[in-house]
Each structure stands twice: as C-alpha cells, then as structure tokens.
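# Structural characterization, general
What follows is each chain in one-letter form.
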Amino acid sequence: MRSVLMVASWDWTLDKFRLALAESLRDEGYEITFVCADGKYVDRFEERGFRWIEWRSERKRLNPFAELRAFLELADIYAREQPDLIQHDTIKPNLYGPLALKLNQIRGRMSSLPPVINTFMGLGYVFSDGLLPRILRTLITPFLTFGVNLPNVHIVFSNSSDQDRLRRHGVLRHDRTSVLMSEFVNTNVFRPFSPERPAPEVVDQPPDAPVVLMAVRLLWAKGVGEFVEAARILRRRGIDARFWLAGEPDTDSAGFVPEDQLREWEDEGLIEWLGYQTDMPALLNQADIATLPTKYNEGMPRFLVEAAACGLPIVTTDQEACRIVVKDGENGVVIPGEDSRALADALERLITDREYRMSLGEEARANAVRDFDQEKGTDDWHQLYDRLLANRSLA
C-alpha cells in the first residue's frame, strides 16, 4: 500500500480542501495520514477513519526558536514515517517540508527522497503588498527558492497567474508544475434545493427581500469593507435587500475584521452577521446572490464554486482566480477591485431584475457541474499521484 502524508499548518485547510481527495485516494489503495497542528477539525479526520499526526506549528507564530523546533519536528515525522509521497499545503509546509527532507537525507535518516507536491492555493499574505509582507518575503525567499527547486518537488497552482508570479520573483526555476483545481465540490450536495429548515443560527423566518450573501474568512483583503459600503450605498438608493455576512474573524491572520466592527455594522442595520456556518448548501439556498469583492491573493475561491454549484449569480472582482469561476455577463458580473460603487451597481441590477438573476444562476450551475465537480477534480489529482509514484519507481 502506497503511503501518503498530507501536511498543512492548519487543520481547516485539510478538512476543507483535502478530505474528499483523501477519501478518493484511499478507495484506490492509498494509505493517507494527515499531519497538522491540533484544532477543531482533527476529530473529523479520525471519524472518517484517517490517521492524524500532530505537528506543533502555529500559523501566525514568528518566534525563530519555535519555528526551528517546528522544522525539526517535521523532519522527525518524515524520518519516522518514511512516506512514499508527501503533499504540502500552506506556506510553512511548502517552505519547511522540502528542507526537512533534505536534512534527513544529509543526516542519513532517509536513503532516498520521496516525491513532494507543494501546493499553492493562492500566494496569500506573504506575497501581498505592505511593509511586513515584503520583509517576510525577503527573509524566506532564499529558503523557499532552494526547497521548491529540489528535483523531487512538483509544484501545483490553482491558477497560472500565481505560477507566473513565482517565476518573476525568481523563486520557481523549473517546469515540474501543474495547474490543478483544489476547490472542487460535490455538485450532488451543492445544488439548488429548497431547505426544509433554515440553516442553523441564520434566520427565524424566510427573508422578505432578496438576500446577498458573502461567506469568507473575515479579512479586510477579502473585500468585507466594500461589501458593507455597497450595502450602505444601496440603502441610500432605497433598494430593498438583505446583506448576509457569514464567517468569523481569522484572528491568526493579519488584517482580520474585529468583532466590534461587525457588531457596529449590525447595529447600523447594514448587514446581518451570521458567524461561522457549517451547512453551506442550506445557507446558499436561502440566498439569491453571492458576492466576493476580494483583493486577496486568491487561488480559486471555494465560496464562488459552492455558490455557482447552488445556482447563484455571482459578483466578484477582476482577478484570474475569480474569473476562472465567473464569466462576466454569463454566470455573474466581474467588477474592478476596491470599488464599492461598482459593486453596488452590479448588485442593484441583480436585486431588481429577477429574470436576469435567474438566467445567470442557471448558467452558473451548468458551468459548475461541467468544470468543478468533485469527481473531475479528484481524477486529475489521481493522475498526478500515479505519475509521480511511477517516475519514482523508474528512478
């Protein structure tokens, strides 16, 4: 049986983006083990019959001594497990993982290096604008460059723009790359339907006006401020709609939206903050429009895929990660980033023109079934796994 370690700093990442892939790989004879810090999603791995190894790594921590300990602990895990293949998600495993394997080889703890998949679902905070991201990028780039260019490392991106950007930064210097979807969904679960009951803790009764939904990690860079400002603009115009914001402040990330601010917006009557939601299909089927006015370094936003699969028209910003899902005028509307008025204008037409809204939603559903279904997504990953392991056998 071929053994695989799926590694991330955050258990949420593995739960959201790797659990379905792990189950499909297990059906094909792979033995999957999750490696991540302890968190509230770990129980789900074990409930699904997967082994979990704790790696004491914190997403936000920058203490060099603690980071050295996390690096050495990861090397110990790899030496003990001797996996046939390793898949890394999130920046720290992408940075530490290849270096930890190389260290093990130098120290004689691993006779050969397994194939490694470093996955970039967006370039995230480190490659964003701002003084601190630039400082962090300067510090880690030499190590990241060395690690990702080791001959056993294959890089997977969610979009080609991120691949091109790493080449421009001089980080990526080989062609062992793929652009593969990590954000696929089960379109038999995410589909249009009439919920038997409202999603938990959302509403006590059906909405009396069209609902605009944004469901994300609550970071300013995701466009939360623009969403609220668009709600304010539309209220001034007398447009009758409800604005639902689902998610919780990601306090481990820079630039999170404070809870006090969310409460203040609620008190103004601009939004209804729903908190973290577990039943996304039910929530999406209580909404009429989805929006993500992001300026974040997205890979391919899963919320957009989920919304499209549920037949919602989408308003989002003009970046490749979003345009993969949303085709302007076909299944949604693409607007400039950081433009609350453009967002308000696009939402106003969808709110007031039900026929237009339904037409875009039908196309969104058709595109999602064709392009973003879980079965298609996992098949592409299976082919990559099989190819990398076959190449290792020939080496």
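Residues numbered from 1 in each chain as written. Predicted model: local features only at pLDDT ≥ 70, side-chain atom pairs only at ≥ 80, totals over all residues. Heavy atoms only, no water.

Before going further, it helps to examine the sheet that holds strand S2 (residues 30–36). Pairing is parallel in the open sheet, where seven strands are placed in the order S3-S2-S1-S4-S5-S6-S7. Looking along the sheet, the strands with just one partner apiece sit at the ends: strand S3 (51–54) and strand S7 (177–179). For this sheet, the mean angle separating the axes of adjacent strands, direction not counted, is 20°. Sheet topology places strand S1 (residues 2–7) next to S2; six bridges connect them, and they run parallel. Residue pairing across strands places serine 3 opposite glutamate 31, the latter belonging to S2. This element, helix H7 (residues 160–168), spans strand S5 (116–120), strand S6 (153–157) and S7 of the sheet and lies at about 150° to S7. (Pairing = 2+ DSSP bridges. Helix = DSSP H or I, 4+ residues; strand = E, 2+ residues; numbered from the N terminus. Axes fitted to C-alpha atoms, helices over the stretch in contact; angles between N-to-C directions. Contact = heavy atoms within 4.5 Å.)

Here the structure, examined in full by the defined rule, presents nine aromatic pairs. Arranged with centres 5.3 Å apart and planes meeting at 70°, the rings of phenylalanine 34 and phenylalanine 50 form a pair that is edge-to-face. With phenylalanine 34 in strand S2 and phenylalanine 50 in the loop between helix H3 (42–47) and S3, this pair connects stretches of sequence that are 16 residues apart. Exposure remark for phenylalanine 34: the relative accessible area of 0% places this residue in the buried category. For phenylalanine 50, a relative accessible area of 5% corresponds to the buried category. Put simply, the rings of Trp10, Trp12 and Phe17 touch in pairs and so form one group of aromatic residues. Looking at arginine 18, its charged tip hangs above the ring of tryptophan 381, at a distance of 4.9 Å from the centre. The ring of tyrosine 356 has arginine 349 sitting right over it, with the charged end atom 3.6 Å from the ring centre. (Phe/Tyr/Trp six-rings, centres within 6.5 Å; stacked < 30°, edge-to-face > 60°. Buried < 20%, exposed > 50% of the residue type's maximum accessible area, 1.4 Å probe, protein only. Lys NZ or Arg CZ within 6 Å of the ring centre and 35° of its normal.)

In this section: helix H8 (residues 224–236). Taking 1.5 Å of rise per residue, the 13 residues of H8 would be expected to cover 18 Å, and the 19 Å separating its terminal C-alpha atoms lies within 8% of that figure. The set of residues buried in H8 consists of Val224, Glu226, Phe227, Val228, Ala230, Ala231, Arg232, Ile233 and Leu234. Looking at the buried residues of H8, the elements they touch are strand S8 (211–215), strand S9 (242–246), helix H9 (259–268), strand S11 (289–292) and helix H13 (340–352). Note on H8: the residue one or two positions beyond its end, glycine 238, has a positive phi of about 80°. (Expected span 1.5 Å × (residues − 1).)

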